[in-house]
Amino acid sequence: MPPPIVPHPNSWYADPQWFAAVNCTGCQEDSGLCATRIKGVRALITPPWALHIGKNFNSDAARAFCQGLENHKASLVICDFPPEISFDLPKNWHIQRRHTRWLRVTEHGGFPALPKHRRKQLRKASAIGLTISQCNDVERVISLHQLARKRKDVESDEQKLEQLLQLILNSPHQSSFIVQDTNGDDLASAVFLHDSDKTVYAFGGQNRSELSGLATVMLINAGLKAAEAIGHKIFDFGGSLDPGVDRFYAEFGAEKILRIRAVLARSPIKWWLKCSRPDLFRAS
């Protein structure tokens with residue numbers, strides 16, 4: 001029998017085991033950032049696969065944190081701050097204002113009911129025989145996740161991802177599910193991380209088909225139920241730079257929540273990075 005699901009005592013993204021799983025060394029104790037190299041450049045970055053660093057900030061503390069990073073020897077800093085923080089920085093920093101989406105519990109203590117058309121999709125999924133179950137099989141989860149990343153042409157280190165998912169899927173601080181069709185084939189999967197204060201839709205994947213949309217609704221519904229069962233008041237959809245996916249999340253009633261990425265690149269490396277990594281300098 002699997003252990004009961006419990007929230008993480010702090011944040012998954014500040015857990016030393018996360019850093020170890022993705023082979024990140026140095027700096028995690030004092031900054032929450034990983035020391036690595038990007039295009040050969042010495043860098044401090046948000047831990048791989050983390051949506052943001054796992055430190056608590058207010059705006060003043062975040063600004064002071066960035067000022068401290070200016071004294072680091074790294075030529076490049078990429079820091080994704082937790083949601084709901086807004087601040088400005090000197091012109092030597094580039095700020096990207098992104099967003100995630102949150103669904104909050106109602107005054108009655110539960111998450112809002114799914115929209116009518118999503119409830120209809122759940123009934124249709126059940127009627128045609130789609131099934132959802134818990135899944136801690138790393139290979140099945142990775143297979144679906146990598147399909148999604150390859151479809152979007154997003155690079156992914158499968159070996160590091162496997163190490164990370166081994167850690168996550170063997171932890172009581174998560175819920176993971178997979179949806180199958182009537183032939184027993186895997187359609188889609190999702191891994192939800194239970195931090196101390198909220199549940200995050202962290203890893204998704206699907207084998208794109210006419211049924212994958214129904215499967216995704218089933219997964220989100222399961223994630224909301226898991227979050228509600230442990231008393232979480234916020235369900236974080238994880239955000240997406242894909243406008244279509246963002247609209248999909250918004251349809252569940254999830255509100256837009258600011259999330260800042262701060263980038264510091266020192267000259268003359270900055271001009272080379274603008275050519276080799278233009279994504280780091282795009283407008284918000």
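In what follows, the structure referred to is the one given above.
Only a predicted model underlies this, so the values are computations on that prediction, with no experimental measurement involved. (Residues numbered from 1 in each chain as written. Predicted model: local features only at pLDDT ≥ 70, side-chain atom pairs only at ≥ 80, totals over all residues. Heavy atoms only, no water.)

A. Region of the structure containing the pattern of salt bridges. On inspection of all chains with the given rule, the structure shows 10 salt bridges. Between Arg104 and Glu255 there is a salt bridge, and its shortest N-O distance comes to 2.5 Å. One end of the pair, Arg104, is in strand E4 (residues 93–104); the other, Glu255, is in strand E10 (residues 255–265), with 151 residues separating them in the sequence. Since its relative accessible area comes to 34%, Glu255 is described here as partly exposed. (Salt bridge = Lys/Arg side-chain N within 4 Å of Asp/Glu carboxyl O. Helix = DSSP H or I, 4+ residues; strand = E, 2+ residues; numbered from the N terminus. Buried < 20%, exposed > 50% of the residue type's maximum accessible area, 1.4 Å probe, protein only.)

B. Geometry of a negative patch on the surface. Taken together, the side chains of Asp137, Glu139, Asp157 and Glu158 present a region of like negative charge at the surface. Positionally, Glu158 belongs in helix H5 (residues 158–169). (Patch = residues over 30% accessible without salt bridge, like charges linked within 9 Å, V, L, I, M, F, W, Y side chains within 5 Å. Areas by Shrake-Rupley, 256 points an atom, 1.4 Å probe, with all protein chains shown as cover. Lys, Arg positive; Asp, Glu negative; His and termini not counted. Charge placed at Lys NZ, Arg CZ, Asp CG, Glu CD.)

C. Representation of the environment of Arg98. Locating Arg98 in the fold gives a position in strand E4. Arg98 sits 111 residues away from Ser209 along the chain, and the two C-alpha atoms are 29 Å apart. Excluding its chain neighbours within four sequence positions, the residues that come into contact with Arg98 are Asp80, Leu241, Ile257, Leu258, Arg259 and Arg261. (Contact = heavy atoms within 4.5 Å.)

D. Fine view of the nonpolar core. In terms of nonpolar packing, the biggest core is built from 37 residues, with Trp18, Leu76, Leu164, Leu165, Ile168 and Phe203 touching the most fellow members. Among the elements that make up this core, the one with the highest residue count is H5 (6 residues). The contact partners of Trp18, leaving out residues within four places of it in the chain, are Trp12, Tyr13, Pro47, Pro48, Trp49, Ala50, Leu164, Leu167, Ile168, Leu193 and Phe203. By size, the runner-up hydrophobic cluster in this structure holds 28 residues, among which are Phe111, Ala227, Tyr249 and Ala254. (Core = buried A, V, L, I, M, F, W, Y, C linked by side-chain atoms within 4.5 Å.)

E. Quick peek at a positive patch on the surface. On the surface, a cluster of positive charge is made up of Lys116, Arg119, Lys120, Arg123 and Lys124. Here Arg123 is to be found in helix H3 (residues 116–127).

F. Representation of the packing of H3 against helix H6 (residues 212–229). As a packed pair, H3 and H6 sit with axes 9 Å apart at the nearest point and diverge in direction by 110 degrees. When the interaxial angle is binned, H3 and H6 end up roughly perpendicular. Across from Arg118, Gln121, Leu122, Lys124 and Ala125 in H3, the residues of H6 making contact are Leu214, Val217, Met218 and Asn221. Taken together, the residues of the contact of H3 with H6 sort by class into 5 nonpolar, 2 polar and 2 charged. (Axes fitted to C-alpha atoms, helices over the stretch in contact; angles between N-to-C directions. Parallel < 35°, antiparallel > 145°, perpendicular 65-115°, else oblique. Nonpolar A, V, L, I, M, F, W, Y, C, P; charged D, E, K, R; others polar.)

G. Layout of H3. For H3, spanning 12 residues, the distance from its first C-alpha to its last is 17 Å, which sits close to the expected 16 Å at 1.5 Å a residue. Positioned one or two residues after H3, Gly129 has a phi angle of 95 degrees, which is positive. (Expected span 1.5 Å × (residues − 1).)

H. Quick peek at the side chain of His232. With respect to the element layout, His232 can be found in the loop between H6 and strand E9 (234–236). Within the structure, the side chain of His232 is placed 3.4 Å from the backbone oxygen of Lys198, a separation counted as a polar contact. Within polar-contact distance, the side chain of His232 engages the side chain of Thr199 at 2.9 Å. Ignoring anything within four residues of it in the chain, the contact list for His232 reads Pro7, Val105, Phe111, His194, Asp195, Ser196, Asp197, Lys198, Thr199 and Ala227. (Polar contact = N/O pair within 3.5 Å; in protein donor to acceptor, adjacent residues only side chain to side chain.)

I. Seen up close, the side chain of Lys270. Among the secondary structure elements, Lys270 is positioned in helix H8 (residues 269–276). An unpaired buried charge is present at Lys270: no salt bridge exists, and Glu70, the closest side chain of opposite charge, is 11 Å distant. If sequence neighbours within four positions are ignored, Lys270 has contacts with Ala265 and Phe281.

J. Local environment of the layout of surface pockets. In this structure, the second largest pocket occupies an estimated 270 Å³ of space. Lining of the second largest pocket is provided by 17 residues; of these, Lys55, Asn56, Pro82, Asp197 and Lys198 occupy positions nearest its centre. Residues of the lining of the second largest pocket, tallied by class, amount to 6 nonpolar, 6 polar and 5 charged. (1 Å grid on protein atoms, 1.4 Å probe; cavity = no way out; pocket = protein on both sides within 12 Å on 5 of 7 lines; lining within 4 Å. Points joined across faces, edges and corners; volume = space filled by probe spheres on them.)

K. Seen up close, the sheet that holds strand E8 (residues 199–206). In spatial order, the strands read E1-E2-E3-E10-E4-E9-E8-E7-E6-E5; together these 10 strands make up an open sheet with mixed pairing. The outermost strands of the open sheet, each flanked by one partner alone, are strand E1 (34–38) and strand E5 (131–134). Each neighbouring strand pair of the sheet contributes to a mean axis angle of 25 degrees, computed without reference to strand direction. As judged from the 7 bridges shared by strand E7 (residues 186–194) and E8, these two strands associate in the antiparallel manner. (Pairing = 2+ DSSP bridges.)

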